[in-house]
Amino acid sequence: MSRQKEKQERVNQQVAVVTGSSSGIGYETSLILARNGFLTYATMRNLNKSEDMKLTVAKENLPIQIKQLDVTDDVSVKNAIQEISSEAGHIDVLVNNAGYGLNGAFEDLAMDEIKAQYETNVFGLVRTTQAVLPIMRRQKSGTIVNISSGAGRFGFPGSSAYVSTKFAVEGLSESMSYELEPFGIKVVLIEPGFIRTNFTNAMVIAKKSQDPSSPYSQMMQKVAANSSEMAKNGSSVDVVSKAILEAVKSKSPTLRYLVGKDVEAWAANKKTMGDTEFHNMMQNLTR
């Protein structure tokens, strides 16, 4: 293949950036996008966690570039997006996946713990999106995919900080969608239920919630046991990555994609039940 043709093919190739790609949804999303022809930039805060990705990329000869990007660091985000834009020439898809869960009853949450949760789950998404938008606006095209959760539609006990970050992502995304539509930029929310990844095991437990003397200790133990059981029966991670692929390949994606039988059932109940009935159903998680 001539150098000119190779350059042209690279220009025509769709470019995707995925945050939080070292494991779970981000890892599988990077792979499925690359396997479907996207030049994919798999970004992660800690490059020491990139070995599995490197092995798969080499084995399958995938078009994946691994880059360091810490969504909580302004300079890291700015530098990574500038490098990607310079190398690839354009950015067509941004998947805002980086995030983590914080467990603990609201009264037991320290302010620093809540701020750290927002710094990654909300402000991290804001940083990467604002860095990418000028590029997409000049192109007059692009898709922003924000990984939300069923927890972005309704609250549940024991994770008020996490749930509130997902409510924030939902409102932010819906508002942005109106502003960006005239520039040919689409916004998509992916709303998974319980997914069989290491997400649950990687949950940060609020310090005070680990104290047996907490007035919420017994409740949190029951919530944790119920959540663990639901996680075992959760959907496989490829269900999420396939939904993301469907959304970014669609010419007219919908704003929201519910992913998982559990979250589909909860959302249906939320629509059909009264507030008291739904409240009582969710309260069963504490019993």
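Everything numeric in this text was worked out from a predicted model, so none of it was measured. (Residues numbered from 1 in each chain as written. Predicted model: local features only at pLDDT ≥ 70, side-chain atom pairs only at ≥ 80, totals over all residues. Heavy atoms only, no water.)

Draft legend 1. Structural context of the sheet that holds strand β4 (residues 93–96). Taken together, seven strands build an open sheet; the order of strands is β3-β2-β1-β4-β6-β7-β9 and the sheet is parallel. The sheet is open, and its two borders are formed by β3 (64–68) and β9 (256–259), each paired with just one other strand. Between one strand axis and the next, the sheet turns through 20° on average, direction left out of account. Packing of helix α6 (residues 160–180) onto the sheet brings it into contact with β6 (142–147), β7 (185–192) and β9, and relative to β7 it is tilted by some 160°. (Pairing = 2+ DSSP bridges. Helix = DSSP H or I, 4+ residues; strand = E, 2+ residues; numbered from the N terminus. Axes fitted to C-alpha atoms, helices over the stretch in contact; angles between N-to-C directions. Contact = heavy atoms within 4.5 Å.)

Draft legend 2. Examining unusual backbone geometry more closely. Located in the positive-phi region is Asn61, a residue other than glycine, with phi close to 55°. Accessibility expressed as a relative area gives 69% for Asn61, which makes it exposed. For Lys140, which is not glycine, the phi dihedral falls at a positive 65°. On the secondary structure map, Lys140 appears in the loop between α5 (111–139) and β6. (Buried < 20%, exposed > 50% of the residue type's maximum accessible area, 1.4 Å probe, protein only.)

Draft legend 3. Main features of the side chain of Arg127. Relative to the helices and strands, Arg127 is located in helix α5. A residue is classified by how much of its surface remains accessible, and Arg127, at 19% relative accessible area, is buried. Beyond its immediate sequence surroundings of up to four residues, Arg127 is in contact with Val71, Thr72, Asp73, Asp74, Val77 and Glu119.

Draft legend 4. Empty space enclosed by the protein, seen in detail. In this structure the tally under the stated criterion is one cavity of 30 Å³ or more. If you go around the largest cavity, the residues you meet are Thr19, Val71, Asn96, Asn97, Ala98, Thr120, Asn121, Gly124, Leu125, Thr128, Ile147 and Lys166. Take the lining of the largest cavity: its biggest share by element is five residues, from α5. For the lining of the largest cavity, the class distribution of residues is four nonpolar, seven polar and one charged. (1 Å grid on protein atoms, 1.4 Å probe; cavity = no way out; pocket = protein on both sides within 12 Å on 5 of 7 lines; lining within 4 Å. Points joined across faces, edges and corners; volume = space filled by probe spheres on them. Nonpolar A, V, L, I, M, F, W, Y, C, P; charged D, E, K, R; others polar.)

Draft legend 5. Up close: helix α8 (residues 237–249). Between its terminal C-alpha atoms α8 stretches 19 Å, which fits the 18 Å expected from 13 residues at 1.5 Å a residue. Those residues of α8 lying buried are Val237, Val240, Ser241, Ala243, Ile244, Leu245, Ala247 and Val248. Elements that come into contact with the buried residues of α8 comprise α2 (24–35), β4, β6, β7 and β9. (Expected span 1.5 Å × (residues − 1).)

Draft legend 6. Examining helix α9 (residues 261–272) more closely. The end-to-end C-alpha distance of α9 is 17 Å, a good match for the 16 Å that twelve residues give at a rise of 1.5 Å each. Those residues of α9 that sit buried are Val263, Trp266 and Ala267. The buried residues of α9 occupy an angular sector of 100° when projected down its axis, which confines them to one face. Those residues of α9 that are exposed and aimed more than 90 degrees away from the buried face are Lys261 and Thr272. Against the buried residues of α9 lie β7, α7 (217–232), β9 and α10 (275–283). (Arc of directions from axis to C-beta.)

Draft legend 7. A look at the packing of aromatic side chains. Under the definition given, this model contains three aromatic pairs. Through successive ring pairs, a cluster of aromatic residues spans Phe154, Phe194, Trp266 and Phe278. (Phe/Tyr/Trp six-rings, centres within 6.5 Å; stacked < 30°, edge-to-face > 60°.)

Draft legend 8. The side chain of Asn146, seen in detail. Assignment of secondary structure puts Asn146 in strand β6. Apart from the residues lying within four places of it in its own chain, the contact partners of Asn146 are Asn96, Leu125, Thr129, Val169, Ser173, Met176, Val187, Val188, Leu189 and Ile190.

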